[in-house]
Amino acid sequence: MAAANYLPSEDQFLCCICLDVFTDPVSTPCGHNFCKNCITEHWDTSYRCQCPLCKETFTIRPDLRVNTLLTEMVAQFRQSAQQKASSSSSQQQAAKPGEVPCDVCTGTKLKALKSCLVCLASYCETHLEPHLTMSGLKRHQLIDPVENLEDRMCTKHDKPLELFCKTDQTCVCMLCTVSDHKTHDVVPLKEEYEEKKAELGKTEVEIQQMIQKRQLKIQEIKHSVSLSEKDADREIAEGVQVFTALKESVERGLNELIKMIEGEQKTTQKQAEGFIKELEQEISELKKRNTEVEQLSHSEDHLHLLQCIQSLKAPQLSKDWSEVSVHPPSYEGTVVRAVSQLEETLSEQMKKLFEAELKRFQQYAVDVTLDPDTAFPNLILSDDGKQVKYGDVKKNVPNNPERFSRYCNVLAKQSFSSGRFYFEVQGKGKTNWDLGVARESINRKGVITLSPQEGYWTVWLRNGNEYKALADPRVRLSLKSRPQKVGVFVDYEEGLVSFYDVDAAALIYSFTGCSFTEKLFPFFSPCNNDGGTNSAPLIISPVRVK
């Protein structure tokens, strides 16, 4: 009964030479079984007759006969395996286009699960089973299914590509190492694989970091766009509000102008109509008298004519019409006065607009202090670095590369290479000064020209009332008031440098379309004392948002 339940192992039906199921199995005198062709070819190529398993040597080559019992058992095993494979195949999927098919399947090719680098074949689930269960095949190297397994063989020596030549960066076989790659640095594929895999790991981390940086940049850009949209909406709303107010002011001024002109015209017309009515009444009275006179002049009754003539004399009218006239109203200057009034309204709106704009700019206020290493030797800086004035005595200071050597200029310690910044400078009591920003690479020795081409974006005051923007060409500025405190606003990316009269909340001048590629430094020049009339200092003032 125990023998009836015995199921032979699959390993028992494998030939140790071909590692496949027996074909015409034969037994050697030592008791081991082989395919008849396998053991015959083995002994034909060997110089002695020896069992491949136990190494027993036979002095006389044995006469091999087919083992009929084992043949029957192998036949039953094959039949069982085929039935099992048929049952399994019905549950497996056929290989689709682009998928690797099983090399063993006949008829419908099933989808391969693994490829064997030793057998150079791909197997479906059923035909893969021997590689998973039989000891001889378990040693084979299985990988995920791939096509063209012959590409893994050396085309020159027809051997597996098992090594990697670091010198030529190519895969080679064992025979390659003793021929074309004899002196090269050759390592096993697995070693190079591990090294390259580690490198790929690092590369993957680097790529992930690059992806994260770019994702953060996308978020940053989206955030900037969102802020831009909010700024645009705010500016549009303010613009609509301002222009609506201006439109209403224009319409109101026009209506008032028309109403005034029409009122004066109606007054003139009413006066003329009164005169005309009075004149028509007098004409009617005179015509009546004229008729009576004409009738009396034709009377032949002497007595009647004499009695009536006294009452028919020309009436004594009270009004002397020779001095009466209608003077049309003069409209000269009416439109000019209306436009002037509109201009005053516009100026009020502009002031409110600049106040709002200046208030926004003041939110970008930065702390600025003067850099003594850049100051012209005659300049005197306060201990807190907030004030600078000209001194008549030239100080003995190092002539370092950063220092201005010919003109009384000084830069701030702080520099800016992105974003927006704002600072305010008080020049009360001064008749001459220069203010603005300068790029890092400006010339600080010898003759200096203040212009954007030379790296300076500045305005200046001369003689107490002459203001200029030092553009190219320079622009004379007509200001309604003398700025006592000047605000300087810079938008690096926008290429904008604007100067404001802080107290009057008025724009002095704007440099637009600038191209900044270097660090920008706040720039100051108190100019010389000019005989004492310009001895007051330039003062960097704390920004107070109104």
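It should be emphasised that the depicted structure is a prediction, and the values quoted were computed from it without experimental measurement.

Some points on the overall build of the protein
- Check the secondary structure of the protein and you find seven helices and 21 strands.
- Computed over C-alpha atoms, the radius of gyration of the protein comes to 56 Å, more than 25% over the 24 Å expected from 2.2 N^0.38 for 546 residues, which places it beyond the range of a compact globule.
- Referenced to the eigenvectors of the C-alpha coordinate spread, the extents of the protein come out at roughly 200 × 95 × 45 Å.
- In the protein, which comprises 546 residues, the proportion classed as buried is 32%.

A closer look at the side chain of Ser 451
- On the secondary structure map, Ser 451 appears in the loop between strand S13 (433–439) and strand S14 (456–462).
- For Ser 451, a relative accessible area of 9% gives the class buried.

Overview of the pattern of salt bridges
- Taken as a whole, this structure holds 16 salt bridges when the rule is applied.
- Put simply, Glu 192 and Lys 196 hold a salt bridge, and the shortest N to O gap is 2.2 Å. One end of the pair, Glu 192, and the other, Lys 196, are both in helix H5 (residues 189–297), four residues apart, so they sit about a helical turn from each other.
- When its relative accessible area of 3% is taken as the criterion, Glu 192 is described as buried.
- The closest approach of N and O atoms between Arg 360 and Glu 238, which form a salt bridge, is 3.2 Å. Highlighted residues: Arg 360 in helix H7 (residues 334–362) and Glu 238 in helix H5, separated in sequence by 122 residues.
- We classify Arg 360 as buried; its relative accessible area is 18%.
- When salt bridges with common partners are traced through the structure, they connect Asp 231, Arg 234, Glu 235, Glu 238 and Arg 360 into a single cluster.

Quick word on the packing of aromatic side chains
- As enumerated under the stated definition, the model contains 16 aromatic pairs in all.
- On the basis of an interplanar angle of 55° and a centroid distance of 6.1 Å, the ring pair of Tyr 364 and Phe 489 is categorised as tilted. Placement of the pair is Tyr 364 in the loop between H7 and strand S9 (379–381) and Phe 489 in strand S17 (residues 485–491), with a sequence separation of 125 residues.
- Note on Phe 489: relative accessible area 2%, which makes it buried.
- Geometrically, the ring pair formed by Tyr 509 and Phe 511 is edge-to-face, given 5.0 Å between the ring centres and 80° between the ring planes.
- For the cation-ring pair, Arg 462 lies above Trp 460, with the distance from its terminal atom to the ring centre recorded as 3.9 Å.

Remarks on the sheet that holds strand S16 (residues 475–477)
- A sheet is described by the order of its strands in space; here six strands give the open sequence S11-S20-S13-S14-S15-S16, paired in antiparallel fashion. Both edges of this open sheet fall to strand S11 (410–411) and S16, since each of them pairs with a single strand only.

Some details on the state of the cysteines
- According to the stated counting rule, one finds zero disulfides in the structure shown.
- Here Cys 18 is not disulfide-linked; the sulfur of Cys 38 is the nearest cysteine sulfur, at 3.8 Å.
- Looking at Cys 51, it has no disulfide partner, and the nearest cysteine sulfur is the one in Cys 30, 3.5 Å off.

Observations concerning the confidence of the model for the protein
- Chain-level statistics for the protein give a pLDDT mean of 87 and a share of 94% at 70 or above.
- Considering only residues more than four positions removed or in separate chains, one finds that residues 1–7, a stretch of pLDDT under 50, has one contact.

Structural notes on the environment of Glu 192
- Along the primary structure Glu 192 and Lys 166 are separated by 26 residues, whereas in three dimensions their C-alpha atoms are 8.5 Å apart.
- In this structure the side chain of Glu 192 is engaged in a polar contact, spanning 2.8 Å, whose partner is the side chain of Lys 166.

Some words on the pairing of S17
- Across the seven residues of S17, seven count as buried, placing the element largely inside the fold.
- Residues Lys 485, Gly 487, Phe 489 and Asp 491 point to one face of S17 and Val 486, Val 488 and Val 490 to the other, with burial holding for every one of them.
- Pairing of S17 with strand S18 (residues 496–501) involves six bridges; the strand directions are antiparallel. Each bridged residue has a counterpart across the sheet, and for Val 488 the counterpart in S18 is Phe 499.

Here we look at the sheet that holds strand S3 (residues 114–116)
- Sheet architecture is open: three strands sit in the order S4-S3-S5, paired in antiparallel fashion. The open sheet is flanked by strand S4 (121–123) and strand S5 (142–143), the only strands paired with a single partner.
- Taken together, the three bridges between S3 and S4 define a ladder with antiparallel strand orientation. Bridge assignment links Cys 116 to a residue of S4, and that residue is Ala 121.
- Together, S3, S4 and S5 form the strand contacts of helix H3 (residues 125–133), whose direction differs from that of S4 by roughly 110°.

Thoughts on the nonpolar core
- Ranked by internal contacts, the top residues of the largest apolar core, which has 39 residues, are Phe 511 and Phe 524.
- Ignoring any residue separated from it by four or fewer positions in sequence, one finds Phe 511 in contact with Pro 452, Trp 457, Thr 458, Ala 469, Leu 470, Ala 471, Gly 495, Leu 496, Val 497 and Phe 499.
- In this structure, Leu 64, Leu 70, Met 134 and Leu 137 belong to the second largest nonpolar core, which totals 20 residues.

Focus: H5
- Compared with an ideal rise of 1.5 Å per residue, which puts 109 residues at 162 Å, H5 spans 153 Å between its outermost C-alpha atoms and is within 8% of the ideal.
- Within the span of H5, buried status applies to Glu 192, Val 242, Ala 245, Leu 246, Ser 249, Leu 257, Thr 268, Ala 272, Phe 275, Glu 282 and Leu 296.
- Those residues of H5 that are buried lie in contact with strand S6 (163–165), strand S8 (186–188), helix H6 (302–309) and H7.

Quick notes on unusual backbone geometry
- With omega at 5°, the peptide bond leading from Asp 472 into Pro 473 counts as cis.
- With respect to the helices, strands and loops of the structure, Pro 473 is situated in the loop between strand S15 (466–469) and S16.
- The phi angle at Leu 120 is positive, at roughly 55°, despite the residue not being glycine.
- Assignment of secondary structure puts Leu 120 in the loop between S3 and S4.
- Judged by relative accessible area, Leu 120 falls into the partly exposed class, the value being 27%.

What counts, and at which threshold
- Residues numbered from 1 in each chain as written.
- Predicted model: local features only at pLDDT ≥ 70, side-chain atom pairs only at ≥ 80, totals over all residues.
- Heavy atoms only, no water.
- Helix = DSSP H or I, 4+ residues; strand = E, 2+ residues; numbered from the N terminus.
- Rg over C-alpha atoms; globule rule 2.2 N^0.38 Å.
- Buried < 20%, exposed > 50% of the residue type's maximum accessible area, 1.4 Å probe, protein only.
- Salt bridge = Lys/Arg side-chain N within 4 Å of Asp/Glu carboxyl O.
- Phe/Tyr/Trp six-rings, centres within 6.5 Å; stacked < 30°, edge-to-face > 60°.
- Lys NZ or Arg CZ within 6 Å of the ring centre and 35° of its normal.
- Pairing = 2+ DSSP bridges.
- Disulfide = S-S within 2.5 Å.
- pLDDT = per-residue confidence, 0-100.
- Contact = heavy atoms within 4.5 Å.
- Polar contact = N/O pair within 3.5 Å; in protein donor to acceptor, adjacent residues only side chain to side chain.
- Axes fitted to C-alpha atoms, helices over the stretch in contact; angles between N-to-C directions.
- Core = buried A, V, L, I, M, F, W, Y, C linked by side-chain atoms within 4.5 Å.
- Expected span 1.5 Å × (residues − 1).

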